[in-house]
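An overview of the molecular structure
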Amino acid sequence: MSKSPRYFCIFILATFFFWMPSNTGQAEMNSRPPQEISLPAAALAQGEHVELIGRLGGMAQSVAIQGNYAYVGFGSEFAVLDISNPAQIVRIAWLPAPGEVEDITILADIAYIAYWAGDYHSYAGRTGLEVIDIQNPAAPVSIAVQEFTGCGTNPQVIIADPYAYLTYTACSVYGGIIQNNGAYLHKLDISDPTQPSIITSINYFMSGFSGIATQNNVLYALWEDVSGTYLKAYNVSDPTGLVEISTTQVISDSTAIALSGDYAFLAAAEDGMQVVEISDPFNPSPVVTHTLPGTAQDIFIAEEFAYLAAGEAGLQIVDITDPLNPYDVDTYATSDTPRDIFVSGGYAYLANGWGGFEIVQLSDLTQAGLAELPESINDLQVREPYGYIVAEDGFWVLDLNDPGLPLAIAHDVTESPCDCLVLKDHYAYVACPQSGLRIMDISDPQAPSEAGVYDLLGETQEMALVDQTLFVAQSGLIILDTSNSLAPVEISTFYIQDHDVNAIAVAGDSAYLGMDNGDLV
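Since we're looking at a predicted model, the values are computed, not measured. (Residues numbered from 1 in each chain as written. Predicted model: local features only at pLDDT ≥ 70, side-chain atom pairs only at ≥ 80, totals over all residues. Heavy atoms only, no water.)

Scanning all chains against the criterion turns up one disulfide. Covalently, Cys 418 is tied to Cys 432 through a disulfide, its sulfur atoms 2.0 Å apart. Taking the torsion about the sulfur-sulfur bond, which here is approximately 85°, the covalent link between Cys 418 and Cys 432 counts as right-handed. Separated by 14 residues along the polypeptide, Cys 418 in the loop between strand E34 (407-412) and strand E35 (420-424) and Cys 432 in strand E36 (residues 427-432) bring together distant segments of the chain. Its relative accessible area of 0% is what places Cys 418 among the buried residues. Cysteine Cys 420 is unpaired, with the sulfur of Cys 432 as its nearest cysteine sulfur at 8.9 Å. Given a relative accessible area of 0%, Cys 420 falls into the buried group. (Disulfide = S-S within 2.5 Å. Helix = DSSP H or I, 4+ residues; strand = E, 2+ residues; numbered from the N terminus. Buried < 20%, exposed > 50% of the residue type's maximum accessible area, 1.4 Å probe, protein only.)

This is the structure in structure tokens:
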């Protein structure tokens, strides 16, 4: 649940426009009627010399593993995590990406990320490939960015040295209507990672790509149009060539491919896993469909097993010793719906969307580690060296000793999203629409606990604490005495007919209210 926009931050009020009479039944804050001012729609001057130094949060969408490090896409952040001790995952570095990090592939000391930057509602934006030097994992360096036809969604990248293959679905907006600009497949020369360049491309009209894989000079890609989903094979043996050699219909909405020997294994959405024989890439043949719970979104093959990120069904493990007779081995309930999976050294590494980054020990299918991040932050208060957050998924405490690498050290899950918070002594007042004003004891920031609850239901847009008085902006202004921190007492309320209070600031004997119609009272 997103908060209503705040209509003002800093204004110099030169004149007052008119007086608004008090409504019948309103509580008076003082002897004067409230003064209402229509605010100009003026843009604030942009600050100069502002530099991004730290970041935390974002949906985990992609993951790749190399050695003791996990490289994870959290929203538009490329993060490096030390996983040498899976039970204590440490975020050691990060880079802001040009857009949402949707796919990551690593070759030697170079990471290639496919990103999309834009608006899912308008489908306006850019798609591209960023190249990152990870020779020193603690200090990744962006060395190249190559952008392509705008508005590309679902970008995927794989590497077959010295080439990179990137697919995406292009689109544009004309007259407010989304147009499909077709599916793109690019072959790039990455012999010099600092200057990736397109060798050749293929574009298909009114269609889209969803997954790619390569082996033995053959590239396989999942492609779909209005008639269904197909597995396309391309001969890529010619350094300058990209020649389609076959097209085979597969289960609709298949999203990912993993190759093993003579077989391609597809994550086939609600149908589970489909096996396609590719011993003759000119004539691939679907041979088995293995039903699984959930919605298969990604697949990884390791030894004789297929590991599937199966949405709400978590991690599904299938024995493929005999590809024509796969059978279920086990399942694991993940922290959220996994979107990407990587298996290495006896562990499964999962990008679980808002559930964060999770490590599963495969020998006994137990959680070996979890790196959670706040989901959609609603409010933040800082009392150095800690930050306190309310988000869609609860109350969080951050360690800000290193502002460049903020660290989440505590998370208290609430039964519903919370709106805002203020700090008082060693307490945090957290306003949650369905559970009231939660009073959190933060004397030990690493172990916050609920110390009390005040019956303050409804959406709270903002709160302000002045000495012992708490001002709460809801449908009106609610004023509480917090002399007893654990037992607030209502002093008074103030309402303006037909309007809600969106924001509040208190100075001296006056409270300034930002109303939902854009006015200042």
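Turning next to the sheet that holds strand E20 (residues 263-267). Judged by pairing direction, the sheet is antiparallel, and its four strands sit side by side in the order E19-E20-E21-E22 without closing on themselves. Each of the sheet's edge strands pairs with one partner strand only, and the pair in question is strand E19 (256-260) and strand E22 (285-290). For this sheet, the mean inter-axis angle between neighbouring strands, taken without regard to orientation, is 25°. Bridging between strand E21 (residues 273-277) and E22 involves five bridges; their strand directions are antiparallel. By the bridge assignment for E22, Glu 277 is matched with Ser 285. (Pairing = 2+ DSSP bridges. Axes fitted to C-alpha atoms, helices over the stretch in contact; angles between N-to-C directions.)

Spatially, four strands are ordered E3-E4-E5-E6 in an open sheet, and the strand pairing comes out antiparallel. In this open sheet, the two strands that pair with only one neighbour each are strand E3 (60-66) and strand E6 (90-96). Sheet twist, expressed as the average angle between the axes of neighbouring strands with direction ignored, equals 20°. Alignment of strand E5 (residues 77-82) against E6, held across six bridges, turns out to be antiparallel. Paired with Leu 81 across the bridge in E6 is Arg 91.

Attention now goes to the pattern of salt bridges. Under the counting rule described, the total for this entry stands at six salt bridges. In this structure, the salt-bridge partner of Lys 424 is Asp 425, at a minimum N-O distance of 3.4 Å. On the accessibility criterion, Lys 424 (4% relative accessible area) is buried. For Glu 450, the salt bridge identified is with Arg 438, shortest N-O distance 2.6 Å. With Glu 450 in strand E38 (residues 449-454) and Arg 438 in strand E37 (residues 436-441), this residue pair connects regions lying twelve residues apart in the sequence. With relative accessibility at 8%, the residue Arg 438 sits in the buried group. One continuous salt-bridge network, built from bridges that share partners, spans Asp 412, Arg 438 and Glu 450. (Salt bridge = Lys/Arg side-chain N within 4 Å of Asp/Glu carboxyl O.)

Relative to the helices and strands, Pro 193 is located in the loop between strand E13 (177-189) and strand E14 (197-204). Overall, the relative accessible area of 21% leaves Pro 193 in the partly exposed class. Along the sequence, Pro 193 and Glu 130 sit 63 residues apart, while their C-alpha atoms lie 9.8 Å from each other. In contact with Pro 193, not counting residues within four places along its chain, are Tyr 112, Val 131, Ile 143 and Ala 144. (Contact = heavy atoms within 4.5 Å.)

This paragraph deals with the pairing of strand E29 (residues 357-361). Taking burial as the measure, the five residues of E29 include four buried ones, the bulk of the element. Note that strand E28 (residues 347-351) and E29 share five bridges and pair antiparallel. Along E29, the bridge assignment pairs Tyr 349 with Ile 359. Between E28 and the antiparallel strand that follows it, E29, lie five residues; Gly 353 among them carries a positive phi value of about 60°.

Most of E3 is tucked away: six of the seven residues are buried. Sheet topology note: the E3/strand E4 (residues 69-74) ladder contains six bridges and is antiparallel. For Ala 64, the partnering residue across the bridge sits in E4 and is Tyr 71. Connecting E3 to the next strand, E4, in antiparallel fashion are two residues, including Gly 67 with a positive phi near 60°.

What follows covers the side chain of Asp 393. Locating Asp 393 in the fold gives a position in the loop between strand E32 (386-391) and strand E33 (394-399). Only 3.1 Å separates the side chain of Asp 393 from the side chain of Trp 396, close enough to count as a polar contact. Leave out the neighbours within four places in its chain, and Asp 393 touches Leu 373, Pro 374, Glu 375, His 411, Asp 412, Val 413 and Thr 414. (Polar contact = N/O pair within 3.5 Å; in protein donor to acceptor, adjacent residues only side chain to side chain.)

Looking now at unusual backbone geometry. The omega torsion of the bond from Asp 161 to Pro 162 falls at 10°, within 30 degrees of zero and hence cis. Looking at the element boundaries, Pro 162 is found in the loop between strand E11 (153-160) and strand E12 (163-174). In this structure, the amide linkage connecting Glu 384 to the following residue, Pro 385, adopts the cis form with an omega of 5°. Structurally, Pro 385 can be placed in the loop between strand E31 (377-383) and E32. A positive phi angle, close to 50°, is found at Leu 365, a residue other than glycine. Mapped onto the secondary structure, Leu 365 falls in the loop between E29 and strand E30 (366-371). Using a relative accessible area of 14% as the deciding quantity, one classes Leu 365 as buried.

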